[in-house]
Amino acid sequence: MSPALRPHFSTAGLRHGARAALPAFPGFIMFAVAFGTAAAQKGLSLGETLGLSAFVYAGASQMVGLEIWQQVWTPSTILTIMTVTAIVNARMILLGATLQPWLRDEPLARTTLNLFLLTEASWLVGTRYHGEGGRDVGVLLGCGIILWLVWLVATLTGFFAGALVPEPRRFGLDLVMPIFFGVMLVPLWKGAKPALPWLVAGIVSLIVHALVPGYVFIIAGALAGVAAGMLIE
C-alpha cells in the first residue's frame, strides 16, 4: 500500500475536517437550541443541561431523556432512561463498525475519542472523504470536535433563552419537542410502504401507554417498528 493510502493523522486533517463540518452547523444549532430551551422549561439546571449535551451528545436521545426526566430518581427510572437512550442510539453501533477499516491501526485513545464524537454528520463527512481516497483520520476528528463545540454553545444559548421566558405556554415553548420531532419526520418520508413501521410503532406505543404505566411504551414502540420493518422487507 502506498503511503498516501495508509491511514494517518495530521493537524492539517483536523483543520480540513472542521471546515468540512460547516454545512452541518445550521441543523446542529437549531436542534441544540431547541433542546436547551426545552431543558430549561423542564426545570433542569444549567449543569444538568450542559452535562446531557456534553456526555450523551445525541439529540434524539436527549429529547427523549427530557420526557423521562424525574426530579426524584429511582432505580427503575434510571434503568428506563438508560434502556431508552441505548435503543435510540443503537444505530451508532453500525456507523462505528463501518469505520473499523479506517481506524483499526489508530491509538486506542484517539479511536475512543473519534467514536464518542461520532454523529451522522461527521460520519457522512468522514466516509465521503474516505471514499474519495482520503486517509487522514484527523479529518474525522476535526469534524467531530467542531460539531461537539457548536452543540454545546447552541445548547447554552437555548437554555438561557428558555430560562428567560416566565410563561412558556404563552409562547408555545411547551410544544418545542413534539413539533421538532414532527418536522424531523418530513424528510424521512419515502412513500406509504416504508412508513408502515412508523404506523406500527405509533399504534403499539399508544396501546402500551394506555395499558402499562411508565415509559415502557417508548421501548415497545421502537421494537415493534423494527420488527415491522424487518417483516415488510
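Overview of the structure. These figures come from a predicted structure and were not determined experimentally.

**Observations regarding the nonpolar core**
Ranked by size, the top nonpolar core spans 29 residues in total, and within it F28, L66 and L147 carry the most contacts. Listed by contribution, the elements that provide at least two residues to this core are helix 2 (25-42), helix 4 (59-68), helix 5 (75-88), helix 9 (120-131) and helix 10 (137-163). The leading source of residues in this core is helix 2, at 8 residues. When residues no more than four places from it in sequence are discounted, the contact partners of L147 are A21, A24, F25, F28, Y57, T119, A121 and S122.

**Details of the packing of helix 4 against helix 5**
In contact at an axis separation of 9 Å, helix 4 and helix 5 are set at 155° when each is read in the N-to-C sense. By the angle class used here, helix 4 and helix 5 are roughly antiparallel. As for how helix 4 packs across helix 5, the hand of that crossing is right-handed. The residues of helix 5 that touch helix 4, namely those facing A60, S61, V64, G65 and I68, are T80, I81, V84, T85 and V88. Grouping the constituent residues of the contact of helix 4 with helix 5 by class yields 6 nonpolar, 4 polar and no charged.

**A look at the packing of aromatic side chains**
For the coordinates displayed, the defined rule picks out 7 aromatic pairs. Considering the side-chain rings of F28 and W151, the 5.5 Å spacing of their centres and the 75° angle between planes classify their relative orientation as edge-to-face. Of this pair, F28 sits in helix 2 while W151 is found in helix 10, placing the two residues 123 residues apart along the sequence. Here F28 falls in the buried class, since its relative accessible area comes to 12%. Given the relative accessible area of 4%, W151 is considered buried. Here W69 and W73 contribute two aromatic rings whose centre-to-centre distance is 5.1 Å and whose plane-to-plane angle is 90°, an arrangement assigned as edge-to-face. Classification of W69 as buried rests on a relative accessible area of 17%. Connected via pairs of aromatic rings, a cluster forms that spans F28, F31, Y57, F116 and W151.

About the cut-offs
Residues numbered from 1 in each chain as written. Predicted model: local features only at pLDDT ≥ 70, side-chain atom pairs only at ≥ 80, totals over all residues. Heavy atoms only, no water. Core = buried A, V, L, I, M, F, W, Y, C linked by side-chain atoms within 4.5 Å. Buried < 20%, exposed > 50% of the residue type's maximum accessible area, 1.4 Å probe, protein only. Helix = DSSP H or I, 4+ residues; strand = E, 2+ residues; numbered from the N terminus. Contact = heavy atoms within 4.5 Å. Axes fitted to C-alpha atoms, helices over the stretch in contact; angles between N-to-C directions. Parallel < 35°, antiparallel > 145°, perpendicular 65-115°, else oblique. Left-handed = near helix turned anticlockwise from the far one by under 90°. Nonpolar A, V, L, I, M, F, W, Y, C, P; charged D, E, K, R; others polar. Phe/Tyr/Trp six-rings, centres within 6.5 Å; stacked < 30°, edge-to-face > 60°.

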